[in-house]
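# Residue-level structure breakdown
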Amino acid sequence: MELRQLEYFVAVTEESGFTRAAARLHVAQPGVSAQIRQLERELGQPLFDRSARQVRLTEVGEAVLPYARAALAAVAATRLVVDEITGLLRGQVVMGAVSAPSVLDLPGLLAEFHERHPAVEISLRETDPESLIEAVRAGRMDLGLMGIGSSVPAGLDAQVVVDQALVAAVGLGHDLVGEPAITLSELADRALVCLPHGTGLRAALDEACAAAGFTAHVAFEASEPYVLGQLAAKGLGLAVLPESAVGAARDELHVLEIIEPGLRGRMALVWRSTGSSGPAARAFIDHARRRLPDFG
């Protein structure tokens, strides 16, 4: 019995199929099938029920699975402890992001870490806020980047890396042209253009509107702040956007201060407040926290 066979067995189980497991392992699908068949021959029992459309574990497979996972975890832990003693960092780190604003230069952050620790495999995955929070809490992701409102999700620690004023912007043909400011309550009956859920801007807007007793009517969403101004300039609504994002379309927009109350958009790095992390994950979190701003 080889560790590779156990690794393939666990991958097929978690991916519910041989093809997806092969893609995850970066090997050809026939090679995965051959290793699983060899493992089944050694054990003398089938591990998977292949009669249905979806590959499922047999009773024997269910019994073997926790031991296979434990064996792989033990080998990984052995390698990590040796690497930690010898000063070589290896392993895998996973960062999740709801969005990746260009102002933070995430590619540069990842490239710098890779240059310092080339034996560490880094993954960046875009996902929705709920999935990100759940994955970081469970340890499936080591670090997350997401928008936050006035509080940090339970079970997580955070470092605010983006904190900026939010303004309103309309096209030059809009009825608000000439007004210096707009109150939050006056947004209630307006068609808004805004960033999607999970961004700091949207979290701040939704939270403030809820406190004022209404739900924002968001007619258009865009993941890049500068696109919000472009949509507003075309008359598609009132854009709520970071002050820094107005520049590209300033000649086509009239900008208003949002008052009573003023709004700020925040994004934060988040990581587990409790639970153990491997040396690679700890090093990556420390690197990201040093590399990115800290607004307290």
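These notes cover the structure that comes with them. (Residues numbered from 1 in each chain as written. Predicted model: local features only at pLDDT ≥ 70, side-chain atom pairs only at ≥ 80, totals over all residues. Heavy atoms only, no water.)

### Observations regarding the overall build of the chain
Selection criterion: Secondary structure follows DSSP: runs of H or I at least 4 residues long count as helices, runs of E at least 2 residues long count as strands, and numbering of each begins at the N terminus. We take the radius of gyration over the C-alpha atoms and set the globule estimate at 2.2 Å times the residue count to the 0.38 power. Each accessible area is a Shrake-Rupley result for a 1.4 Å probe, and residues are judged covered by the shown protein chains and nothing else. For the purpose of counting charges, residues Lys and Arg are taken to be positive, whereas Asp and Glu are taken to be negative. His and the chain ends are not included. For this purpose, a charge sits on NZ of Lys, CZ of Arg, CG of Asp or CD of Glu.
Helix and strand counts for the chain stand at nine helices and twelve strands. Scaling as 2.2 N^0.38, a compact globule of 296 residues should have a C-alpha radius of gyration of about 19 Å, whereas the chain reaches 25 Å, well beyond that. The C-alpha extent of the chain, read off along each of the three principal axes, is 80 × 50 × 30 Å. Summing over all exposed atoms, the chain offers an accessible surface of approximately 15,300 Å²; the carbon and sulfur share of this is 51%. For the chain, the separation between the mean place of its 26 positive charges and that of its 37 negative charges on side chains is 8 Å.

### Quick notes on the pattern of salt bridges
The cut-off we apply is this: Each salt bridge in this description consists of a side-chain nitrogen of Lys or Arg and a carboxyl oxygen of Asp or Glu lying within 4 Å of one another. Using a 1.4 Å probe on the protein chains alone, a residue whose accessible area is under 20% of its type maximum counts as buried, one over 50% counts as exposed, and one in between counts as partly exposed.
One pass over the structure, following the stated rule, counts twelve salt bridges. Across the salt bridge formed by Arg 69 and Glu 14, the nearest N and O atoms sit 3.3 Å from each other. Taken together, the residues Arg 69 in helix α4 (residues 59-86) and Glu 14 in helix α1 (residues 3-15) connect sequence positions 55 residues apart. For Asp 163, the salt bridge identified is with Arg 264, shortest N-O distance 2.9 Å. A residue pair is termed long-range when its members are at least 10 positions apart, and Asp 163 in strand β6 (residues 156-171) and Arg 264 in strand β12 (residues 264-272) qualify at 101 residues. Here Asp 163 falls in the partly exposed class, since its relative accessible area comes to 23%. On the basis of relative accessibility, which here comes to 47%, the residue Arg 264 falls in the partly exposed class.

### Describing the layout of surface pockets
What counts is decided by this rule: Each cavity reported here is a set of points on a 1 Å grid over the protein atoms alone in which a 1.4 Å probe fits but cannot get out, each pocket an open set with protein on both sides within 12 Å along at least five of seven lines, and each lining residue one with an atom within 4 Å of a point. Grid points are joined across faces, edges and corners, and a volume is the space filled by probe spheres set on the points. All residues other than Ala, Val, Leu, Ile, Met, Phe, Trp, Tyr, Cys, Pro, Asp, Glu, Lys and Arg, Gly among them, are scored as polar; the first ten of these are nonpolar and the last four charged.
For the largest pocket, the calculated volume is near 1,600 Å³. Lining the largest pocket are 35 residues, and of these Arg 24, Ala 76, Gly 91, Gln 92 and Glu 121 lie nearest its centre. Broken down by secondary-structure element, the contributors of at least two residues to the lining of the largest pocket are α1, α2 (18-25), α4, β3 (91-97), β4 (120-126) and α9 (279-291). A per-element tally of the lining of the largest pocket places α4 first, with eight residues. Here the residues of the lining of the largest pocket are counted per class, giving 18 nonpolar, six polar and eleven charged. Computed from the structure, the second largest pocket encloses a volume of approximately 440 Å³. Forming the boundary of the second largest pocket are 26 residues, of which Pro 101, Leu 195, Ser 223, Pro 225 and Met 267 lie nearest the centre. For the lining of the second largest pocket, the secondary structure elements donating two or more residues are β6, α7 (200-212), α8 (225-233) and β12.

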